Amino acid sequence: MDLRLDASLAEGYHSGTQITRVLSESWAANNMYCPCCGHNHIDKMRNNLPVSDFLCERCGEIFELKAKKGEINNKINDGAYNTMIDRITSCNNPELLVLQYTIDYEITNLILIPKFFFIPSIIEKRKPLSETARRAGWQGCNIIVSTVPDQGRIRIVDNKRIIAKEIVLRQYEKARAIRNNDIDARGWLLDVLNCVNRIETNEFSLTDMYKFVDTLSELHSDNNNVEAKIRQQLQYLRNKGFIEFLGRGQYRKRL
């Protein structure tokens with residue numbers, strides 16, 4: 001895997017957005033394997049398809065590629081808000097590849113966010129375009145990456161270091177255990193997993209988890225028995241291999 005974008009492809013383009021798209025898509029077509037099944041390449045799809053960039057011909061997974069020069073920070077700009085929400089709620093959204101590169105066209109970070117880690121609450125509405133804009137009223141969205149659990153941010157390149165393909169595939173396979181087509185159930189599971197991740201120690205108790213009752217109540221205001229829901233989700237996380245139950249209300253994270 002070459003960690004340098006081909007800067008010569010930028011010739012003739014004046015828009016920074018166009019340059020980023022051309023360089024990043026060319027790099028992915030020539031360097032990127034499928035992080036879901038391990039196939040040695042992913043294929044560029046035809047232009048102007050909504051929210052889709054690449055396809056793995058072996059496993060059929062579709063990938064959206066987002067790239068940015070400089071820091072990614074907590075938000076990634078994406079397309080139309082309603083389109084994104086429709087895709088998430090219909091479980092038809094693509095896997096997301098997020099690429100970061102320097103002013104010298106060197107790739108510093110590349111992460112995969114599996115499609116089953118997307119829930120509506122991580123999508124933020126942007127302000128509608130003004131009435132004088134060509135697409136007046138159009139409303140885009142941001143993906144709030146910081147709200148995705150650590151297990152859903154799989155590093156392929158980390159600080160200019162290429163992560164072994166076997167490690168990436170193993171992390172994806174573990175993350176796939178969280179897949180659930182019931183969006184409400186998926187939201188609860190990911191929100192409780194985020195709470196588990198926020199506990200600094202490797203071992204924790206049910207009492208530690210109950211400290212997040214107010215946080216979870218704000219996220220799920222229609223639920224009046226949050227403590228019972230926490231216990232239920234911890235059982236699911238145990239069954240899916242993310243934590244282990246030690247007995248007497250004690251748990252351990254499985255790293």
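Let me sum up the structure you'll find in this document. (Residues numbered from 1 in each chain as written. Predicted model: local features only at pLDDT ≥ 70, side-chain atom pairs only at ≥ 80, totals over all residues. Heavy atoms only, no water.)

## With respect to helix 2 (residues 81–89)
So, step 1. Among the residues of helix 2, Tyr-81, Met-84, Ile-85, Arg-87 and Ile-88 are the ones counted as buried. For helix 2, the angular spread of buried residues about the axis comes to 160°, placing them on one side.
So, step 2. Of the residues flanking the end of helix 2, it is Cys-91, one or two places downstream, whose phi is positive at about 55°. (Buried < 20%, exposed > 50% of the residue type's maximum accessible area, 1.4 Å probe, protein only. Helix = DSSP H or I, 4+ residues; strand = E, 2+ residues; numbered from the N terminus. Arc of directions from axis to C-beta.)

## Some details on the sheet that holds strand 7 (residues 123–125)
So, step 1. Sheet architecture is open: 3 strands sit in the order 4-8-7, paired in antiparallel fashion. Strands with a single pairing partner mark the edges of an open sheet, and in this sheet they are strand 4 (75–80) and strand 7. Across this sheet, the average inter-strand angle for adjacent strands is 35°, counted without regard to direction.
So, step 2. Pairing between strand 4 and strand 8 (residues 140–144): 5 bridges, direction antiparallel. By the bridge assignment, Asp-78 is partnered in strand 8 with Cys-141. (Pairing = 2+ DSSP bridges. Axes fitted to C-alpha atoms, helices over the stretch in contact; angles between N-to-C directions.)

## Quick word on the layout of surface pockets
So, step 1. Of the voids in this model, the second largest pocket is the one considered here, and its volume is about 410 Å³.
So, step 2. Considering the residues around the second largest pocket, the lining is formed by 16 residues, among which Asp-150, Gln-151, Lys-174, Arg-254 and Leu-255 are closest to the centre.
So, step 3. Counting residues per element, the ones that place at least two in the lining of the second largest pocket are strand 9 (154–158), helix 3 (165–175) and helix 4 (183–198).
So, step 4. Of the residues in the lining of the second largest pocket, the class split is 7 nonpolar, 3 polar and 6 charged. (1 Å grid on protein atoms, 1.4 Å probe; cavity = no way out; pocket = protein on both sides within 12 Å on 5 of 7 lines; lining within 4 Å. Points joined across faces, edges and corners; volume = space filled by probe spheres on them. Nonpolar A, V, L, I, M, F, W, Y, C, P; charged D, E, K, R; others polar.)

## Digging into the nonpolar core
So, step 1. Judged by nonpolar contacts, the single largest core of 74 residues is most densely connected at Met-32, Phe-63, Leu-97, Ile-123, Ile-143, Met-209 and Leu-234.
So, step 2. No other element matches helix 4, which puts 8 residues into this core. (Core = buried A, V, L, I, M, F, W, Y, C linked by side-chain atoms within 4.5 Å.)

## Focus on the pattern of salt bridges
So, step 1. The full count for this structure, using the stated rule, is 15 salt bridges.
So, step 2. Close ionic contact of Glu-106 with Lys-160 constitutes a salt bridge, the shortest N to O distance being 3.5 Å. Of this pair, Glu-106 sits in the loop between strand 5 (95–101) and strand 6 (107–113) while Lys-160 sits in the loop between strand 9 and strand 10 (161–162), and the two are 54 residues apart along the sequence.
So, step 3. Judged by relative accessible area, which is 43%, Lys-160 ranks as partly exposed. (Salt bridge = Lys/Arg side-chain N within 4 Å of Asp/Glu carboxyl O.)

## Quick word on the state of the cysteines
So, step 1. Under the defined criterion, the tally for this structure stands at 0 disulfides.
So, step 2. Free cysteine Cys-91: the closest other cysteine sulfur is in Cys-36, separated by 16 Å. (Disulfide = S-S within 2.5 Å.)

## With respect to the pairing of strand 12 (residues 243–247)
So, step 1. When strand 12 meets strand 13 (residues 250–253), the two strands line up antiparallel, connected through 4 bridges. Looking at the pairing, Gly-247 lines up with Gln-250 of strand 13.
So, step 2. The turn linking strand 12 back onto strand 13 is made up of 2 residues, and Arg-248 within it adopts a positive phi angle of 55°.

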